[in-house]
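# Descriptive structure summary
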Amino acid sequence: MQKFQQYIGGEFSGGGAQFESIDPATGRPWALMPEARVDDVNRAVEAAEHALFSPEWSGMAASQRGRLLYRLAELVAENAGRLAELETRDTGKIIRETSAQIAYVAEYYRYYAGLADKIEGAHLPVDKPDMEVWLRREPIGVVAAIVPWNSQLFLSAVKIGPALAAGCTVVLKASEDAPAPMLEFARIFDQAGFPKGVLNVITGFGDQCGSVLTSHPKVNHVAFTGGPSTARHIVRNSAENLASTSLELGGKSPFIVFEDADLESAVNAQIAGIFAATGQSCVAGSRLVVQNSIKEEFLARLKEKAEKIVIGAPDDMATEIGPLCTQRQRDHAAELIAASVRQGARIVAGGVVSEGEGFYFPPTILDCSDAPETPAVTCEFFAPILSVLGFDTEAEALEIANNTEFGLASGLFTRDLARAHRMIRGIRAGIVWVNTYRAVSPIVPFGGHGLSGHGREGGLQAALDYTRVKSVWLRTSDEPIPDPFIMR
Ligand code: NAD
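Analysis parameters
- Residues numbered from 1 in each chain as written.
- Predicted model: local features only at pLDDT ≥ 70, side-chain atom pairs only at ≥ 80, totals over all residues.
- Heavy atoms only, no water.
- UniProt positions renumbered as here; feature names shortened; annotations may be inferred.
- Pairing = 2+ DSSP bridges.
- Helix = DSSP H or I, 4+ residues; strand = E, 2+ residues; numbered from the N terminus.
- Contact = heavy atoms within 4.5 Å.
- Axes fitted to C-alpha atoms, helices over the stretch in contact; angles between N-to-C directions.

The name an unreviewed UniProt entry assigns to the protein chain is Aldehyde dehydrogenase, from the organism Paracoccus methylarcula. Turning to the protein chain, the UniProt annotation filed under Sequence similarities (unreviewed entry) states: "Belongs to the aldehyde dehydrogenase family."

Dropping the structure here:
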């Protein structure tokens, strides 16, 4: 079995406790991962804090931080093939997707490299003529970055990129379900030339090392991506250190199709929206909300495409759907489908889990028109399962779309421009994709509200969120300071 090492204070080590990582395509262990214990977490945070105040990092010009981030971007691009192979092996995500996504991850580092020397303070025109007042933007401090197993390289880039651009240091905890790509990323990061301890990468179990990390007194900010129930633990943990938090959580995103839409595009976008990444995507368009006048035709076209999807080994370039990441995930999806069917949902496609090795799950479509409150409609599956509800009027479409505790993404297909604008105003979600789905860019903020969390990743604001403002008052008068009991 391959062995991986964690990265603390610029050193690699793997000698302590270890755990097995499972290959989702076979269900068998394939690698040994270091299991961070309390002592490792403490060392990683100490290393990050030491680096934060070191002259090598705190005294480094912002443009030089940018140059190091550029170097990191180049290294990620050069090593994209190996990173993709490891991500595919450890998560079961298909190689077509991991290759394309990791090549694009380099763009995120490039974007934040360019931003490093554009994080500016401000001069304030105060109401006191003998004072100069300005704001300095300083790094928020030591950042604990916690990522889920899916798209770890991407989800960590949107944390590490802005945090380092702003001059912070980071302890990243990789997911225990598939840590290999992040531990390999640490090896690549090490070659970029950052001072030791600027980034530390550990892995281990959430309720153990994750809790210690997020409540650590020397952690100033927690950047978390994962599920809402874990987010609640994290917010409780942060009551210990009063760290600020940004939370990127799950979704149950509506995909709304009006009868005037380009149906071929809408069908293809819906197939990609729910079945890409084997449905294991926070922005999966997992609730189809379709106008009743075209519902049967739309479902027939979806079913035809869904049943042609190539299910197979994740490392085969021909595969379109691979296994789910964990047995736990597959069991969870099967239970929710069974419960939904018992409550009146109708299986249009898939639904039956085949026997055999690996955590495979077929693309599944459930018509929930007679069961609109079933788990298929209300719960995040993180599996290739689409629920379908019909509507007659625009008002009904909006009501169904907004009938969720989540608020991450949404899709809207219509050719009617005025209606599109009305819907954009009414949809309660952090992202609205109109006549497209799943487009992302480093320049565009990403995030949601409600059970989907708070804060935004991507874009300029994300870098500003890794800073805190220091207000500086400078008295310009040469006159002696007068009576101390009169404040000016
Ligand atoms: P998860 O919440 O189970 O785990 C995420 C991370 O949190 C892991 O690294 C885990 O070890 C850690 N963790 C668990 N308990 C912890 C604790 N008590 N303290 C600190 N850390 C702890 O999520 P998952 O199952 O790995 O991933 C799926 C979830 O992630 C879905 O809900 C999905 O929607 C969400 N997600 C959201 C986004 C987004 O950007 N909004 C992107 C991808 C995934």
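Picking up after the structure, the text goes on.
## Let's talk about the sheet that holds strand 15 (residues 346-349)
Taken in spatial order, the 7 strands of this open sheet run 15-16-17-14-13-18-19, and their pairing is mixed. This sheet does not close on itself; its edge strands, each paired only once, are strand 15 and strand 19 (433-434). Sheet topology places strand 13 (residues 254-257) next to strand 14 (residues 287-291); 4 bridges connect them, and they run parallel. Residue pairing for strand 14: Ile256 is matched across the bridge by Val289. Sheet strands touched by helix 10 (residues 263-275): strand 13, strand 14, strand 16 (364-367), strand 17 (385-391) and strand 18 (411-413). Its angle to strand 13, the strand with the most contacts, is close to 170°. Strands in contact with helix 15 (residues 417-426) are strand 13, strand 18 and strand 19; relative to strand 18, the strand with the most contacts, it is inclined by about 165°.

## As for the UniProt feature "active site" (unreviewed entry) in the protein chain
UniProt feature "active site" (unreviewed entry): in the numbering of this structure it lies at Glu248. Turning to its location among the elements, Glu248 is positioned in strand 12 (residues 244-248).

## Let's talk about the sheet that holds strand 4 (residues 18-23)
Spatial strand order, 1-5-4: 3 strands in an open sheet with mixed pairing. Each end of this open sheet is capped by a strand with a single partner; those strands are strand 1 (2-3) and strand 4. The sheet contact formed by strand 1 and strand 5 (residues 28-34) spans 2 bridges and is parallel. Note on strand 5: the bridge partner recorded for Lys3 is Leu32. Here helix 4 (residues 80-91) sits on the sheet and contacts strand 1, strand 4 and strand 5; the angle it forms with strand 5, its principal contact strand, is near 120°.

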